[in-house]
Amino acid sequence: MKYPKKTSLDWVSEIRNANFGIVMAKLLTYYIVINMLFAIVYNNLKILENGTSFLNYIYFSFVTSLAIGYGDLVPITNIGKIIVIVHSCIATLYFALMISILSIKMLHPRDSIKLSKKIIYNPELDLLIFRVINTNKDALINPEVRISVIEHNTGDVTASIFNILTDYYITYLGKYDFSYCFRNSFETFNVMEEVNKANNFNEETKSFESRFRIKISITGSYGLHQVAIYKKYYSNDIEVGKSFSPITYNNEVYKKQKIKYSKIKNFWENFESIER
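First, a word on scope: everything that follows refers to the structure included in this document. (Residues numbered from 1 in each chain as written. Predicted model: local features only at pLDDT ≥ 70, side-chain atom pairs only at ≥ 80, totals over all residues. Heavy atoms only, no water.)

## As for the pattern of salt bridges
Quick note on the threshold: One speaks of a salt bridge when a side-chain nitrogen belonging to Lys or Arg is within 4 Å of a carboxyl oxygen belonging to Asp or Glu. Numbering of helices and strands runs from the N terminus, with a helix taken as a DSSP run of H or I at least four residues long and a strand as a DSSP run of E at least two residues long. Relative accessibility under 20% of the residue-type maximum defines a buried residue, over 50% an exposed one, and the middle range a partly exposed one, all with a 1.4 Å probe and only protein chains included.
By the definition in use, this model includes 5 salt bridges. The partner of Glu239 in a salt bridge is Lys118, with the nearest N and O atoms 3.7 Å apart. In this pair, Glu239 is assigned in strand 10 (residues 238–240) and Lys118 in the loop between strand 1 (113–115) and strand 2 (119–122), connecting sequence segments 121 residues apart. Judged by its relative accessible area of 26%, Glu239 falls in the partly exposed class. Relative accessible area serves as the criterion here: at 24%, Lys118 is assigned to the partly exposed category. The salt bridge involving Asp177 is made with Arg131; its shortest N-O contact spans 2.8 Å. Of this pair, Asp177 sits in strand 7 (residues 177–183) while Arg131 sits in strand 3 (residues 127–134); the two residues are 46 residues apart in sequence, bridging distant segments of the chain. Its relative accessible area of 0% is what places Asp177 among the buried residues.

Dropping the structure here:
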């Protein structure tokens, strides 16, 4: 049986989460470098009329890549014509790549949904709690949260997956800031028992080979584009506590109805803070 090859789209995520100005600067830099390299090749081979300055070769290189075709400078050697064809093909492919990258950046912007680094276990209520914030000024349309737990196991033994299908509880903590609570104990499954098994195994073996995971995925849309993110939590990401601390928002942090989180002192530290 032939299995499909693994694919990775990490480069797409890197583009989505990169600053737009940095993406544009890199694309422009690569474009200039490509044309300067061809200008050097043209100059060394002297493909234009005798006595042409290097500036004319740079000009010819950029005009060729843009397919403008003024006709004031033309290659006079056969090797020059071949290189011009290669240069034109490379420039065409590069422009296609630029359009793809800019489409990814404009139609699929950076991940705006942030999940807490930790999950809290409240033993009094027997609930597990994680925190979610939407950093986009637009509300997420038709959000859907899915939670699954992979039981502790190691080696070649198959690890079971328990999907939490029951309703979760949502607590409002601030603007676009919520905590989600879901049950720990079920008839056939107990999340914290698997956490303790994984922690004990990792401590005894001095490794992180336990396959215990809590997987949380959030899907929805902002109208023009779909949102689909997920996060894995390991056994050492579960902490005992009461709840996440609410954050007080001041009017000074609002600008054009969009919160500037960088302007809020210690915001992300407070976002992760736990009430014991």
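## Observations concerning the sheet that holds strand 8 (residues 213–221)
Our working definition: When DSSP finds two or more bridges between two strands, those strands count as paired. Each axis is a line fitted through C-alpha atoms, taken for helices only over the stretch in contact, and angles between the N-to-C directions span 0 to 180 degrees.
Read from one edge to the other, the open sheet built from 4 strands follows the order 5-4-8-9, with strand pairing classed as antiparallel. Both outer strands of the open sheet, strand 5 (161–164) and strand 9 (226–233), are each paired with one neighbouring strand and no more. Within this sheet the neighbouring strands show an average axis-to-axis angle of 20 degrees, counted without direction. Of the pairings in the sheet, the one linking strand 4 (residues 141–150) to strand 8 comprises 8 bridges and is antiparallel in character. Across the sheet, the residue bridging to Val145 is Ile218, located in strand 8.

## Side note on the side chain of Asn202
What counts, and what does not: By the convention used here, residues are in contact when the closest approach between their heavy atoms is within 4.5 Å.
Here Asn202 is to be found in helix 5 (residues 191–205). Judged by relative accessible area, Asn202 falls into the buried class, the value being 10%. Residues contacting Asn202, with those up to four places away along its chain left out, are Ser207, Phe208, Glu209, Ser210 and Ser235.

## What to know about the environment of Phe208
By the element assignment, Phe208 lies in the loop between helix 5 and strand 8. When its relative accessible area of 67% is taken as the criterion, Phe208 is described as exposed. Considering only alpha carbons, one finds Phe208 and Ser235, 27 residues apart in sequence, at a separation of 9.3 Å. In contact with Phe208, not counting residues within four places along its chain, are Asn202 and Asn236.

## A look at unusual backbone geometry
Notably, Lys46 is not glycine yet its phi reads approximately 50 degrees, a positive angle. On the secondary structure map, Lys46 appears in the loop between helix 2 (20–45) and helix 3 (54–65). The residue Asn142 is not glycine, and still its phi comes out positive at about 50 degrees. Within the secondary structure layout, Asn142 lies in strand 4.

## What to know about the nonpolar core
Keep this limit in mind: Among buried residues, the Ala, Val, Leu, Ile, Met, Phe, Trp, Tyr and Cys ones that are joined through side-chain atoms within 4.5 Å form a nonpolar core.
Judged by nonpolar contacts, the single largest core of 30 residues is most densely connected at Ile113, Leu115, Phe130, Ile214 and Ile216. Top element by residues in this core is helix 5. It accounts for 4 residues. Sequence-distant contacts of Ile214, that is, excluding residues within four places in its chain, are made with Ile119, Ile147, Ser148, Val149, Val191, Lys231, Lys232, Tyr233 and Ile238. Core analysis: the second largest hydrophobic core is formed by 10 residues, Val12, Ile101, Leu102 and Ile104 among them.

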